[in-house]
Amino acid sequence: MYELTINQLSQAEFLSQYWQKRPLLIKGGFTEFEDPIEPEELAGLAMEESIESRLITNHNNDWQSFHGPFEDFAKLTDQHSTLLVQAVDHWHPIAAQLLEPFRFIPNWRIDDLMVSYSTPHGGVGPHLDQYDVFIIQGQGKRHWRVGLPDASLKQFAQNKSLLQVEQFNATIDAVLEPGDILYIPPGCPHEGYAVENALNYSVGFRAPDQKDFLSGFADHLIDSETGNTRYSDPMLSLRDSKGELSSQEVAGIQALMQDALNDPDQLKHWLGAMLSQPKHDMDLAPLETPLQHTELESYITPNDIIERAGGVRAIYQKLADSIVLSVNGETFNLALKHLEAIKLLTDFPCFSASMLEESLNCIEFAQMLTKLINEGTYFLQEDD
């Protein structure tokens, strides 16, 4: 397991001093770092239909971007090329372990693990992102420059899928070596170019905007057939102009919309389902012969290790008298007494089944866990 060291800072100090405030170079963030994936394995993932990948080249300042899946890698030349594969944590359990040291950031904020392989001078050019990212240097070296947010920086498209910014003043200018980590807040311009053949791991974070939340909630109202209260105006009076939409009417419409958000239980159920949706379709391994919840106690022994599949999103919320557990877009209502057992499911990639002993005796908890095991989101770790 990887252990993160943040420049003599505690996690709380990092959050208060750097998170979404300023970039940070963490030299030796992972000591004696070993790559969890080889370039050949990464290339294999990029050949899969269900996995999002790109290949970016820059020869003589001619930027080109190609989307996978790839049948061959003729365009991955000895220089000026980068292969990027999204959501590697969904497909590669060992690489997925790289996310764990960063889970001092809440689970729902973590997006995915992107892995890139670059030949010398390969990169994606100067650009900025609207989300936080930790970039971990694997094998090889990469030269990074990072600046502070600058509203005057102009963005332009090298092609329809490659947005870049003009050159910027850098506050960090360094060559990263294996185990070094770069934290980049939203809106900070940055660029990185491989000095030699290099692997990089990007832990990205989600930052939904207002449109994402509002459109998602509207979809939820439609699916649940709620939000049916109609606009009414029993105190309507005559006015001079028939064409006016009055300020009072605007306020009434705004209040009507706000009322739909004022049911905390409904809001939390929807948020749990939305924020636990996996980013991509997942390659889960459901049980060939599904279990009944009455069989769970004999299927799991106290010595078993229960493991969460890579890429699974699991979060929980406390209601007044219960807990809403959300796993990959599906929600379960459970009693408050199961809080510690639920934390095992959401907070740890694996844990001893013996720690669930009391909750397994409860029908509602056993039914929930049986469903998750049947689907393959959680499974029993195989003996080596």
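Throughout what follows, the structure given in this document is the object of discussion. (Residues numbered from 1 in each chain as written. Predicted model: local features only at pLDDT ≥ 70, side-chain atom pairs only at ≥ 80, totals over all residues. Heavy atoms only, no water.)

Covered by surrounding structure in strand β10 (residues 172-176) are Ile172, Ala174 and Leu176 only, the residues Asp173 and Val175 on the alternate face being uncovered. As paired elements, strand β7 (residues 142-146) and β10 share five bridges and run antiparallel to each other. By the bridge assignment for β10, Val146 is matched with Ile172. (Buried < 20%, exposed > 50% of the residue type's maximum accessible area, 1.4 Å probe, protein only. Helix = DSSP H or I, 4+ residues; strand = E, 2+ residues; numbered from the N terminus. Pairing = 2+ DSSP bridges.)

Looking now at the side chain of Arg109. By secondary structure assignment, the location of Arg109 is in the loop between α3 (93-96) and β5 (110-118). With sequence-adjacent residues up to four places away left out, Arg109 is seen in contact with Trp19, Gln20, Asp132, Gly204, Phe205, Arg206 and Ala207. (Contact = heavy atoms within 4.5 Å.)

For the pair helix α8 (residues 339-347) and helix α10 (residues 363-375), interaxial distance at closest approach is 12 Å and the crossing angle is 10°. When the axis of α8 is compared with that of α10, the two are roughly parallel. Between α8 and α10, the residues in contact are Ala341, Ile342 and Leu345 and Phe365, Met368 and Leu369, respectively. Here the contact of α8 with α10 is built from residues that sort into six nonpolar, no polar and no charged. (Axes fitted to C-alpha atoms, helices over the stretch in contact; angles between N-to-C directions. Parallel < 35°, antiparallel > 145°, perpendicular 65-115°, else oblique. Nonpolar A, V, L, I, M, F, W, Y, C, P; charged D, E, K, R; others polar.)

Bringing the sheet that holds strand β17 (residues 330-334) into the picture now. Judged by pairing direction, the sheet is antiparallel, and its three strands sit side by side in the order β15-β16-β17 without closing on themselves. Two strands lie at the open edges of the sheet, namely β15 (314-318) and β17, each paired on one side alone. Averaged over all pairs of adjacent strands, the angle between strand axes in this sheet comes to 20°, irrespective of strand direction. This element, helix α6 (residues 264-275), spans β15, β16 (323-327) and β17 of the sheet and lies at about 170° to β15. The strands that α8 touches are β15, β16 and β17; relative to β15, the one it contacts most, it runs at about 150°.

Within the structure shown, the criterion is met by 13 salt bridges. One salt bridge connects Glu177 with Lys141, and the closest N-O pair in it is separated by 3.6 Å. With Glu177 in the loop between β10 and β11 (181-184) and Lys141 in the loop between β6 (133-137) and β7, the pair connects residues that are 36 residues apart, well separated along the chain. Given a relative accessible area of 30%, Lys141 falls into the partly exposed group. In this structure, the salt-bridge partner of Lys211 is Asp209, at a minimum N-O distance of 3.0 Å. Look at Asp209 and you get partly exposed, because its relative accessible area is 30%. Salt bridges linked by common partners bring Glu100, Arg103 and Arg308 together as one network. (Salt bridge = Lys/Arg side-chain N within 4 Å of Asp/Glu carboxyl O.)

Spatial ordering of the open sheet is given by β1-β11-β6-β13-β5-β4-β2-β3, a layout of eight strands whose pairing is antiparallel. Since the sheet does not close on itself, it has two edges, and those belong to β1 (24-26) and β3 (62-67), each with one partner. Here the strands of the sheet are splayed against their neighbours by 20° on average, with no regard to which way each runs. Pairing geometry for strand β2 (residues 53-59) and strand β4 (residues 81-85), over five bridges, is antiparallel. When the sheet's bridge partners are listed, Arg54 is paired in β4 with Leu84.

Nonpolar side chains collect at one region of the surface, where Tyr231, Leu245, Val250, Ile253 and Met257 lie side by side and expose about 480 Å² of accessible area between them. Its location among the elements puts Ile253 in helix α5 (residues 247-260). (Patch = residues over 30% accessible without salt bridge, like charges linked within 9 Å, V, L, I, M, F, W, Y side chains within 5 Å. Areas by Shrake-Rupley, 256 points an atom, 1.4 Å probe, with all protein chains shown as cover.)

A few words on the pairing of strand β14 (residues 305-308). Relative to strand β18 (residues 350-352), β14 runs antiparallel, the two being bridged by three bridges. Looking across to β18, one finds that Ile306 is bridged to Phe351. Pairing of β14 with strand β19 (residues 378-380), which is carried by three bridges, proceeds in the antiparallel orientation. Looking across to β19, one finds that Ile306 is bridged to Leu380.

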